[in-house]
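Listed below are the residues making up each chain.
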Amino acid sequence: MRKSFVFIILFLLMVGGFIRLLQIQQRETRNERSVLLLDKDHSLIYRMLSDSIPGRFVFSLRNEMQFYVQIVDALKLKYLSYLVVLRSDGNLLLSRSLLSFGEPTVFYNFGIFDEELYAFFTGNLQDLKENRSSVRFLSRTFDEVRLPGTAYREKDLDGHDLLKMPNQNIMFLFEQKNDGDATIANEIQERNPHGDTVFRWNSQFYIDKKKDEKFEEIDPLHLNSIAMQSKNTLALSFNRISRIIGLKYPTQEILWEIDAKNWKFINDTYGGFVRQHTIHFLKNGDLLLFDNGNGLPPRRSRAVQYKLDFDRKEITQVWEFQCPNAYPIREGEGSVQRLSNGNTLIGWGHPSKQYGEIESDTVFTEVAPDGKITRELISEPPLYAYKVYFDETSN
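First things first, this report covers the structure right here in the doc. (Residues numbered from 1 in each chain as written. Predicted model: local features only at pLDDT ≥ 70, side-chain atom pairs only at ≥ 80, totals over all residues. Heavy atoms only, no water.)

### Things to note about the sheet that holds strand 13 (residues 183-191)
Across a sheet, paired strands are connected by hydrogen bonds in the backbone, their directions being either parallel or antiparallel. Across the sheet, four strands lie side by side as 11-12-13-14; this open sheet has antiparallel pairing. In the strand order of this sheet, the two ends are held by strand 11 (157-164) and strand 14 (197-202), each with one partner. Taking each pair of neighbouring strands and ignoring which way they run, the sheet shows an average axis angle of 25 degrees. The pairing of strand 11 with strand 12 (residues 170-177) spans five bridges and is classified as antiparallel. (Pairing = 2+ DSSP bridges. Helix = DSSP H or I, 4+ residues; strand = E, 2+ residues; numbered from the N terminus. Axes fitted to C-alpha atoms, helices over the stretch in contact; angles between N-to-C directions.)

### A closer look at the nonpolar core
A general trend in soluble globular proteins is that nonpolar side chains are found buried together. Of all hydrophobic cores here, the largest spans 22 residues; its most connected members are Y46, F57, F59, L61, F364 and L377. Those elements that provide at least two residues to this core are strand 2 (43-48), strand 3 (56-62), strand 4 (81-87), strand 26 (361-367) and strand 28 (388-391). If sequence neighbours within four positions are ignored, F57 has contacts with Y46, V84, V85, L86, S88, L345, F364, E366, R375, Y389 and F390. One finds L163, I188, I245 and L247 within the second-largest nonpolar core, a separate group that totals 20 residues. (Core = buried A, V, L, I, M, F, W, Y, C linked by side-chain atoms within 4.5 Å. Buried < 20%, exposed > 50% of the residue type's maximum accessible area, 1.4 Å probe, protein only. Contact = heavy atoms within 4.5 Å.)

### Details of the environment of T269
Tracing the backbone shows T269 in the loop between strand 19 (264-266) and strand 20 (277-281). Residue T269 is classed as partly exposed on the basis of its relative accessible area, which comes to 41%. For T269 and E320, which are 51 residues apart along the polypeptide, the C-alpha to C-alpha distance reads 8.8 Å. With residues near it in sequence (within four places) discarded, T269 still touches R302, Q317, E320 and Q322. A distance of 2.9 Å separates a polar atom in the side chain of T269 from a polar atom in the side chain of E320. (Polar contact = N/O pair within 3.5 Å; in protein donor to acceptor, adjacent residues only side chain to side chain.)

### Structural notes on the pairing of strand 27 (residues 373-380)
The element strand 27 is extensively covered by neighbouring structure, given that six of its eight residues are classed as buried. Bridge count for strand 2 against strand 27 is six bridges, and the pairing is antiparallel. Opposite S43, over in strand 27, you have E380 as the bridge partner. Of the pairings in the sheet, the one linking strand 26 to strand 27 comprises six bridges and is antiparallel in character. What sits directly across from T362, in strand 27, is I378.

### Notes on the pattern of salt bridges
Going through the model one piece at a time under the given rule, you end up with 30 salt bridges. With a closest N to O distance of 2.8 Å, K164 and D114 form a salt bridge. One end of the pair, K164, is in strand 11; the other, D114, is in the loop between strand 6 (105-112) and strand 7 (117-124), with 50 residues separating them in the sequence. K164 gets classed as partly exposed once you look at its relative accessible area, which sits at 28%. (Salt bridge = Lys/Arg side-chain N within 4 Å of Asp/Glu carboxyl O.)

### Here we look at the sheet that holds strand 24 (residues 335-338)
Here we have six strands laid out as an open sheet, ordered 1-2-27-26-25-24, and antiparallel in their pairing. Two strands bound the open sheet, and with one partner strand each, they are strand 1 (34-37) and strand 24. Each strand of the sheet is rotated relative to its neighbour by a mean of 15 degrees, with strand direction disregarded. Examined bridge by bridge, strand 1 and strand 2 share four bridges and lie antiparallel to one another. Following the sheet pairing, L36 is matched in strand 2 by L44.

### Details of the packing of aromatic side chains
Counted by the stated rule, this structure contains 22 aromatic pairs. Look at F113 and F137: their rings are 5.0 Å apart centre to centre, the planes differ by 65 degrees, and that puts the pair in the edge-to-face class. With F113 in the loop between strand 6 and strand 7 and F137 in strand 8 (residues 132-139), this pair connects stretches of sequence that are 24 residues apart. We classify F113 as buried; its relative accessible area is 11%. A residue is classified by how much of its surface remains accessible, and F137, at 2% relative accessible area, is buried. Looking at R191, its charged tip hangs above the ring of F172, at a distance of 5.4 Å from the centre. Its guanidinium or amino end placed over the ring of W319, R338 lies 5.4 Å from that ring's centre, counting from NZ or CZ. (Phe/Tyr/Trp six-rings, centres within 6.5 Å; stacked < 30°, edge-to-face > 60°. Lys NZ or Arg CZ within 6 Å of the ring centre and 35° of its normal.)

Coordinates in, geometry out; function isn't part of it.
Dropping the structure here:
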């Protein structure tokens, strides 16, 4: 009887050890690099360092740091552009190149539009010669969907952002150009499904009211992100002046202006954000954004979260994650998204030109609230994404 009992104990220990070994092997496999080939010259290295929620990473990639870099000669420049959907288990679900639509086509800002559709901005070479672009939509199964009233081959359409309003209308961004084709003002337009413009605001109204401020003549504000701060307040992010304003909707009254001039920053590592991108307002009212921090060494670009006190005009840093890689200053673009499990997805945009030619770069990083990296994607050689989105509704 005693021998049988000892045998059972030994057997259970062996089984337990075997299960433990499998768990270790699974964890080691999860930590190994998953190499995904986009083409014969470019690979993506996906690393899952710890468990996280299932879903899809959605983004577009390109090999040029800037969108409108002599795109007219894109083929001569060997310009590359991809729509990418990467499942969280490392499987590449979608990889469409710039020739996917039958002609050289540039993709930009591919991401989540709503619970059913993805959206991206695109234009062929002729469109880009004429400064025209379109918004196109894909279903979760990657079938193209035409929405009535949306912008198609629109002149001066701005691909920085797109906002579906609570009333199901769409808010578009436009750039107002001078005769030399340089941006001098930004405009937002809300359109209903019939294509009618039902709301319009031009940044020149704002510039005209700020007679005590000096603005750059070319692209003085550079509106790059819009969000609903509340039911009746639109938040607009002005990159050039490192400011976010609250616009009363639909009366257009300026309610607040958040920057280092107008508000007091508390417990902020760098005393405020600079040249920010991708603003979000969380359910608790906090502001989450990507802080590029251009031109202010030794600071690093970062994702940062603030608590806002509108009465006192105080903004308090409650969380941040600084760029951990070898190229910490992200000169342009960048994104941030808070996931349902509390983790934060950070798209790193593109690095400063000061680094010169680099062999690889981080496209995105997912981090836990304590700063532990859970997932990341590296591109060799570098391809750049303006924003990276995580779709929790699909896998």
